[in-house]
2 protein chains.
Amino acid sequence: MRLLLAEDDEALVAGLKPALERAGYAVDVATDGVLAQRCADSIDYDLVLLDLGLPRRSGVEVLQHWRSTRKSMPVVVLTARDTWQEKVAVLTAGADDYVCKPFHTEELLARLAAVLKRSTPDMRTPGPLSVAGLSLDEGGQSATLGDGARVELSAIEFRLLRCFMLHPGRVLSQQRLNEHLYDQATDHESNVIEAHITRLRRKIGRDWIQTRRGQGYVFNALAET
Amino acid sequence: MRLLLAEDDEALVAGLKPALERAGYAVDVATDGVLAQRCADSIDYDLVLLDLGLPRRSGVEVLQHWRSTRKSMPVVVLTARDTWQEKVAVLTAGADDYVCKPFHTEELLARLAAVLKRSTPDMRTPGPLSVAGLSLDEGGQSATLGDGARVELSAIEFRLLRCFMLHPGRVLSQQRLNEHLYDQATDHESNVIEAHITRLRRKIGRDWIQTRRGQGYVFNALAET
DNA sequence: GCCGAAGCTGAAACCAGCCTGAAAGCGCAG
DNA sequence: CTGCGCTTTCAGGCTGGTTTCAGCTTCGGC
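Residues numbered from 1 in each chain as written. Chains lettered and ligands numbered in written order. Predicted model: local features only at pLDDT ≥ 70, side-chain atom pairs only at ≥ 80, totals over all residues. Heavy atoms only, no water.

Chemist: Explain helix α3 (residues 59-68) of chain B here, please?
Modeler: Each α-helix winds once per 3.6 residues, and so residues spaced three or four apart point in a common direction. Residue and element names in this part refer to chain B. Within α3, the full set of buried residues consists of G59, V62, L63, W66 and R67. With its buried residues spanning 130° around the axis, α3 presents them on a single face. Immediately downstream of α3, the backbone of R70 shows phi near 60°, a positive value. (Buried < 20%, exposed > 50% of the residue type's maximum accessible area, 1.4 Å probe, protein only. Helix = DSSP H or I, 4+ residues; strand = E, 2+ residues; numbered from the N terminus. Arc of directions from axis to C-beta.)

If you want it as structure tokens, here you go:
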């Protein structure tokens, strides 16, 4: 889960970024509107947290730019102004949710989860994410196999598997996985992903993740056959 | 767009129902929790507006019932209580949004639109490219034949087929295909294209790609005479 | 019908990309 | 500080997609 936090208030970022990372997101920070726009133009984020009062380019402008270029990632707007007119304006501009400062971190996290649940197919039901006999336990960082066996996952294995389970049947390139697992600071030329895929396969079974040479990996492509 | 308004405050219903209808929704009203549950069990609503303080059965219970029975329509919760704890509780129970009374009708409509935008897979992806029973799945790098059989394609086969499907009925010369599949640096004197055409035909069926001697290939010219 | 050109296709070579075990690096708890 | 487990790197081996090649078939013109 990769997330862009577009916010210029350093104190807020300092508090929020660790909380988001603890919740399992890879967080990029953009401190003004121009940077935010550029970030999301080059990377496919799963979600954007957008402050309206950004320097250089306002949040609304940035949002309109994204929507007019058919970028469709969920955007949650943060703002200090709590008038219903502004809410309407922001939501009709294409935002998915609207949170007023000051807010409690828990509320924000719950809203993010609600928005993501909505935007990713098949995640509408609460409880553990499960696909065809494999289920992921969000709380305990573990997975349960079809036969009931429980498998403990490391942090990265967990995020990797969740990324797969959120996009069953889709080819995920190594680059894409890299972007989702790590934030912009880390620059990998290596085969980290391959290594983790190996470890993950050893734990949950080889067949769940199929490799497509030169393209990436597919989760649970054994729908038929 | 069919919508269930689960609300027992008659004055609120009297004001809200016409506004919703004006906005283009077909509105059913349920005045208590048991009715609301029964309505949504028998009809697939596009969206439910759920008051938390319903008689006979609370909104949270109803919501939990739906989610546990894997009903996945979007639910927007209405409530008078504005504590962040309740927001978190409601959102984690599976609601999609949370609106506090009193609210402005415009704000509610904007939120409904935002929620629906997310939940309908309408414009999320440009849709699979499909021509006369053959469809190309961009996400899964595969093709689906008319009879439902799925065929996995290699990277080059995929690009080749996409090139054909983007120009149905047009003669594409080998040179032209070469330019589309490789960058200009590579200069092929060989019959790579022919080889790939063979492999592609073997996978999707011979008739899709017709050869025009000395000119090139045509996709789907005279769809199966 | 004959002939050359163009296209088809199976087999094999080639090689980029992937797998994986081992070991080094890193961070954290005791 | 030490030990442990997670993460990352590295190198060698392997796999299978891509390309080449050679022999064959098909097509169109004469």
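Now that the structure has been shown, we can carry on.
Chemist: Explain the protein's contact with DNA strand C here, please?
Modeler: Taken together, the neighbourhood of DNA strand C is formed by 23 residues, with R201(A), R202(A), Y217(A), R202(B) and R206(B) sitting nearest. Between DNA strand C and the protein, one listed contact pairs a base nitrogen with a side-chain N or O atom of R213(B) at 2.8 Å. In this structure, G214(B) approaches DNA strand C through a main-chain N or O atom, which is 3.2 Å from a phosphate oxygen. Along the lines of polarity and charge, the residues of the surface near DNA strand C split into four nonpolar, nine polar and 10 charged. (Near = heavy atom within 4 Å. Polar contact = N/O pair within 3.5 Å; in protein donor to acceptor, adjacent residues only side chain to side chain. Nonpolar A, V, L, I, M, F, W, Y, C, P; charged D, E, K, R; others polar.)

Chemist: How should I be thinking about the pattern of salt bridges in this particular structure?
Modeler: Side-chain pairing between opposite charges can occur once the charged atoms of the two side chains come close. A complete count under the given rule lists 25 salt bridges over all chains for this structure. Between E21(A) and K17(A) there is a salt bridge; the shortest N-O distance is 3.6 Å. Remark: K17(A) and E21(A) occur in helix α1 (residues 10-22); sequence separation between them is four residues, near one turn of the helix. Of the residues examined, E21(A) reaches a relative accessible area of 35% and is grouped as partly exposed. Overall, K17(A) belongs to the partly exposed group, its relative accessible area being 25%. A salt bridge links R111(B) to D97(A); its shortest N-O distance comes to 3.1 Å. In this pair, R111(B) is assigned in helix α5 (residues 105-119) and D97(A) in strand β5 (residues 97-100), connecting two distinct chains. Each member of the pair R111(B) and D97(A) is classed as buried. (Salt bridge = Lys/Arg side-chain N within 4 Å of Asp/Glu carboxyl O.)

Chemist: Teacher, can you tell me more about the side chain of Q37(A) here?
Modeler: When you line up the elements, Q37(A) lands in helix α2 (residues 33-42). In this structure, Q37(A) is in contact with R57(A), V62(A), H65(A) and W66(A), ignoring residues within four places of it in sequence. (Contact = heavy atoms within 4.5 Å.)

Chemist: I tried to follow the packing of aromatic side chains on my own but got confused; where do I start?
Modeler: Any aromatic ring pair is given by two values, namely how distant the centres are and how the planes are angled relative to each other. All names here are of chain A. In the structure shown here, the tally under the stated rule is four aromatic pairs over all chains. When the centroid spacing of 5.7 Å and the interplanar angle of 15° are considered together, the rings of W208 and F219 count as stacked. Taken together, the residues span a long stretch of sequence, with W208 in the loop between α8 (192-204) and β11 (209-212) and F219 in strand β12 (residues 216-219) at a distance of 11 residues. Residue classification places W208 among the buried positions, given a relative accessible area of 16%. According to the relative accessible area criterion, F219 is buried, its value standing at 0%. Taken together, the ring pairs in this structure connect F164, W208 and F219 into an aromatic cluster. (Phe/Tyr/Trp six-rings, centres within 6.5 Å; stacked < 30°, edge-to-face > 60°.)

Chemist: What exactly am I supposed to notice about the packing of α2(A) against helix α3 (residues 59-68) of chain A here?
Modeler: Between two packed helices, what matters for the description is the angle formed by their axes and the separation of those axes. Residues and elements named next belong to chain A. Packing of α2 against α3 brings their axes to within 9 Å, and their N-to-C directions diverge by 20°. When the axes of α2 and α3 are compared, the pair comes out roughly parallel. Crossing of α2 against α3: the hand is right-handed. Counted together, G33, A36, Q37, A40 and D41 of α2 and V62, H65 and W66 of α3 form the full contact between these two elements. (Axes fitted to C-alpha atoms, helices over the stretch in contact; angles between N-to-C directions. Parallel < 35°, antiparallel > 145°, perpendicular 65-115°, else oblique. Left-handed = near helix turned anticlockwise from the far one by under 90°.)

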